[in-house]
Number of protein chains: 2
Amino acid sequence: MGTTERREREKEQRRNEIINSAEKVFFMKGIENATMDEIAEEAELSKGTLYLYFKSKEELFHAICSRAGKKLLGMFEESIKYKKNGLLKVKSIGQAFYDFSQGYPEYYDVIKRADSMKICDCENSHEAKKAKEQGEETLGLLKKCVIEGINDRSIRSELDPEITSIMLYGMSKGVIQIMNEVMPETGMPLIQDKKLFIESFFEFAGYGLNNQK
Amino acid sequence: MGTTERREREKEQRRNEIINSAEKVFFMKGIENATMDEIAEEAELSKGTLYLYFKSKEELFHAICSRAGKKLLGMFEESIKYKKNGLLKVKSIGQAFYDFSQGYPEYYDVIKRADSMKICDCENSHEAKKAKEQGEETLGLLKKCVIEGINDRSIRSELDPEITSIMLYGMSKGVIQIMNEVMPETGMPLIQDKKLFIESFFEFAGYGLNNQK
DNA sequence: AACATCAAATGACTAACAGTCAGTAAATAA
DNA sequence: TTATTTACTGACTGTTAGTCATTTGATGTT
């Protein structure tokens with residue numbers, strides 16, 4: 001009798017519906033200003049039910065982070081397909097990160113915020129741990145490409161793949177973040193031509209990575 | 001009769017004492033968990049008085065950001081003294097940023113968090129605007145050094161100083177941030193040897209900046 | 001069909017906290 | 001001494017995260 005299995009499926013579905021509603025409210029009102037009551041209303045459930053599926057508002061936030069991270073990882077994986085060598089793969093990951101920040105600004109924002117949070121709510125939050133691990137996996141993909149690049153001689157062999165991949169990831173995050181900042185008073189973006197800016201960054205990073213000359 | 005002037009001075013001092021107390025509580029309990037009641041108690045004032053000096057908890061936070069930014073700018077300015085050319089100055093700013101993150105981790109944390117906040121609470125918060133403007137000034141100093149480096153031929157002349165300085169600042173922030181992250185589960189830092197890591201970064205960035213060879 | 005069992009959902013309730021404001025105290029001026 | 005201005009107070013309000021005793025409804029049993 002597949003009752004239990006069906007129950008399990010339905011539960012998973014409810015969970016996802018709740019995350020959907022949370023996304024709507026979080027992105028509409030901003031993370032701070034969103035309330036659990038609103039999310040409950042959006043999900044057409046009582047607040048109590050929300051807490052049957054998620055331990056806290058923060059856990060719900062981390063579930064969204066996890067989705068965002070999954071999307072990002074997927075875009076990275078997609079981007080490196082059919083690329084001829086490690087260096088090109090590394091560059092295409094950078095490009096994918098930029099595309100992610102522009103194509104899914106809310107998801108990008110969620111990841112940015114999670115990154116700046118104090119170290120490890122992982123203790124008590126299953127979702128936070130999941131999101132962190134996703135970050136590790138993403139970093140692992142980048143590292144794999146750096147290693148590939150060293151092996152196929154497109155990337156300088158003196159570089160340590162571990163250090164280099166973490167450095168590249170950090171640099172990309174920082175560059176994309178500052179690119180999206182706006183100036184006080186005017187509210188104008190710090191960078192007008194984002195494409196030029198990100199290309200300049202790729203070129204700059206190329207000097208550090210590239211093997212030829 | 002200098003009563004008004006003295007009053008002004010005393011007011012400024014109270015303000016600073018409140019920020020001192022807020023720092024203590026914020027850093028002790030974490031920014032989210034700190035309460036205005038605790039800060040009031042620490043400052044030996046009533047909560048109502050706090051609100052005579054600061055419009056909100058957030059404004060108090062931004063006042064701390066402003067202090068942190070001031071400290072950072074000071075360290076940047078100090079670090080470039082007696083450096084022989086633009087490239088060395090740029091590098092020493094990077095080093096100062098690293099030193100700041102290690103020497104004043106709470107201030108570093110405050111800046112990191114402020115950076116990840118949604119664009120512009122500047123509208124209504126005087127302190128937020130002040131902190132943002134400080135960021136601009138800091139970036140301006142870096143730009144000045146890049147220009148100096150281009151003029152004294154220590155930095156490649158093809159680089160655009162505006163783009164390059166923003167890029168360097170973003171890269172540094174990102175690299176220092178990821179350097180301080182910890183892994184899920186174990187809680188181990190992602191980077192064991194921070195000095196090696198930051199040196200690798202300087203070397204890497206050097207390839208993009210350096211004029212010779 | 002009637003009843004028993006169990007999981008899922010509810011919403012009124014509590015606690016905690018940001019922010020307010022009518023009232024008090026203290027300093028200065030008259 | 002009295003009047004006026006300024007600084008401060010703390011009880012109060014409104015909001016929101018999180019809880020839990022109770023209800024609803026589905027599934028299985030006789």
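Note that this is a predicted model, so its numbers are computed, not measured.

So, how was this worked out
Residues numbered from 1 in each chain as written. Chains lettered and ligands numbered in written order. Predicted model: local features only at pLDDT ≥ 70, side-chain atom pairs only at ≥ 80, totals over all residues. Heavy atoms only, no water. Helix = DSSP H or I, 4+ residues; strand = E, 2+ residues; numbered from the N terminus. Buried < 20%, exposed > 50% of the residue type's maximum accessible area, 1.4 Å probe, protein only. Contact = heavy atoms within 4.5 Å. Buried area = accessible area lost by both parts, 1.4 Å probe. Salt bridge = Lys/Arg side-chain N within 4 Å of Asp/Glu carboxyl O. Polar contact = N/O pair within 3.5 Å; in protein donor to acceptor, adjacent residues only side chain to side chain. Nonpolar A, V, L, I, M, F, W, Y, C, P; charged D, E, K, R; others polar. Near = heavy atom within 4 Å. Phe/Tyr/Trp six-rings, centres within 6.5 Å; stacked < 30°, edge-to-face > 60°. Least-squares fit on C-alpha atoms with pLDDT ≥ 70 in both. Domains from an automatic or database assignment.

Caption draft 1: View of the overall build of chain A. Helix and strand counts for chain A stand at 9 helices and 0 strands. Secondary structure elements in chain A, listed N-terminal to C-terminal, are α-α-α-α-α-α-α-α-α. Taking the principal axes of its C-alpha atoms as reference, chain A extends roughly 65 × 55 × 30 Å. Relative to its 213 residues, chain A shows a buried fraction of 49%.

Caption draft 2: The interface of chain A and chain B, seen in detail. Residue-level contacts link 44 residues of chain A with 44 residues of chain B. Summed over both sides, the interface between chain A and chain B buries roughly 4,100 Å², with carbon and sulfur atoms accounting for 67% of that surface. On the chain A side of the interface with chain B, the three residues burying the most area are Met167(A), Pro184(A) and Phe204(A), jointly 17% of the side's total. The interface formed by chain A and chain B contains 0 salt bridges. In this assembly, chain A and chain B are joined by 7 residue pairs in polar contact (both at pLDDT 80 or more). Where the side of chain A that touches chain B is concerned, the elements lending two or more residues are α6 (105–115), α7 (126–151), α8 (161–179) and α9 (194–209) of chain A. For the side of chain A that touches chain B, the element with the highest residue contribution is α8(A), accounting for 12 residues. Tallied by class, the residues present in the side of chain A that touches chain B amount to 24 nonpolar, 6 polar and 14 charged.

Caption draft 3: The arrangement of the protein's contact with DNA strand C in detail. The immediate surroundings of DNA strand C are formed by 21 residues, with Arg14(A), Ser46(A), Thr49(A), Tyr53(A) and Arg6(B) found nearest. Here, DNA strand C places atoms within 4 Å of the protein, and 67% of those atoms are sugar or phosphate. Between DNA strand C and Arg14(A), the relevant distance is 2.8 Å, taken from a phosphate oxygen to a side-chain nitrogen or oxygen of the residue. Interatomic distance of 3.0 Å between a backbone N/O atom of Lys57(B) and a phosphate oxygen of DNA strand C. Of all elements in the fold, only α1 (3–29) and α3 (47–53) of chain A together with α1 (3–29) and α3 (47–53) of chain B reach the threshold of two or more residues within the surface near DNA strand C.

Caption draft 4: View of the packing of aromatic side chains. All names here are of chain B. Applying the stated criterion across every chain, the model contains 12 aromatic pairs over all chains. Centre to centre, the rings of phenylalanine 76 and phenylalanine 97 are 5.9 Å apart; their planes meet at 70°, and the pair counts as edge-to-face. Of this pair, phenylalanine 76 sits in helix α4 (residues 57–80) while phenylalanine 97 sits in helix α5 (residues 86–103), and the two are 21 residues apart along the sequence. Look at tyrosine 104 and tyrosine 107: their rings are 6.4 Å apart centre to centre, the planes differ by 20°, and that puts the pair in the stacked class.

Caption draft 5: Quick look at the relation of the copies chain A and chain B. If you rotate chain A by 180° and push it 0.0 Å along the axis, it lands on chain B with an RMSD of 0.0 Å. Those values place the two copies in the arrangement expected of a two-fold rotation axis. Both copies contact each other with a shared surface, as 100% of the interface residues of chain A are interface residues in chain B too.

Caption draft 6: Geometry of the environment of Ile198(A). All names here are of chain A. Here isoleucine 198 is to be found in helix α9. Residue classification places isoleucine 198 among the buried positions, given a relative accessible area of 3%. Each C-alpha atom of the pair isoleucine 198 and valine 175 lies 8.0 Å from the other, and the pair is 23 residues apart in sequence. In this structure isoleucine 198 touches Tyr98, Val175 and Ile176, once residues within four positions along its chain are discounted.

Caption draft 7: Examining the domain arrangement of chain A more closely. Residue and element names in this part refer to chain A. By the assigned domains, chain A splits into domain 1 (1–54) and domain 2 (62–209). Just the C-alpha atoms count here: the centres of domain 1 and domain 2 sit 29 Å apart. Counting from both sides, the interface comprises 11 residues of domain 1 and, opposite them, 8 residues of domain 2. Both faces combined, the contact of domain 1 with domain 2 buries some 840 Å², and carbon together with sulfur accounts for 60% of it. Area buried by domain 1 at its contact with domain 2 is led by Glu23, Phe27 and Ile31, which between them contribute 55% of it. The tally of links between domain 1 and domain 2 comes to 3 salt bridges. Close ionic contact of glutamate 23 with arginine 67 constitutes a salt bridge, the shortest N to O distance being 3.0 Å. Inspection of the domain 1/domain 2 interface yields 6 residue pairs in polar contact (both at pLDDT 80 or more).

Caption draft 8: Region of the structure containing the side chain of Ser200(A). Assignment of secondary structure puts Ser200(A) in helix α9. Its relative accessible area of 18% is what places Ser200(A) among the buried residues. Leave out the neighbours within four places in its chain, and Ser200(A) touches Ile163(B) and Met167(B).

Caption draft 9: Seen up close, the pattern of salt bridges. Residues and elements named next belong to chain A. Counted under the stated rule, the structure contains 30 salt bridges over all chains. Note that glutamate 17 is salt-bridged to arginine 14, the shortest N-O span being 3.4 Å. Of this pair, glutamate 17 and arginine 14 both sit in helix α1, 3 residues apart, which is roughly one turn of the helix. For glutamate 17, a relative accessible area of 35% gives the class partly exposed. By relative accessible area, which is 34% here, arginine 14 ends up partly exposed. In this structure, lysine 130 and glutamate 127 form a salt bridge, with 3.8 Å as the shortest nitrogen-oxygen distance. Here lysine 130 and its partner glutamate 127 are both found in helix α7, 3 residues apart, which amounts to about one turn of the helix.

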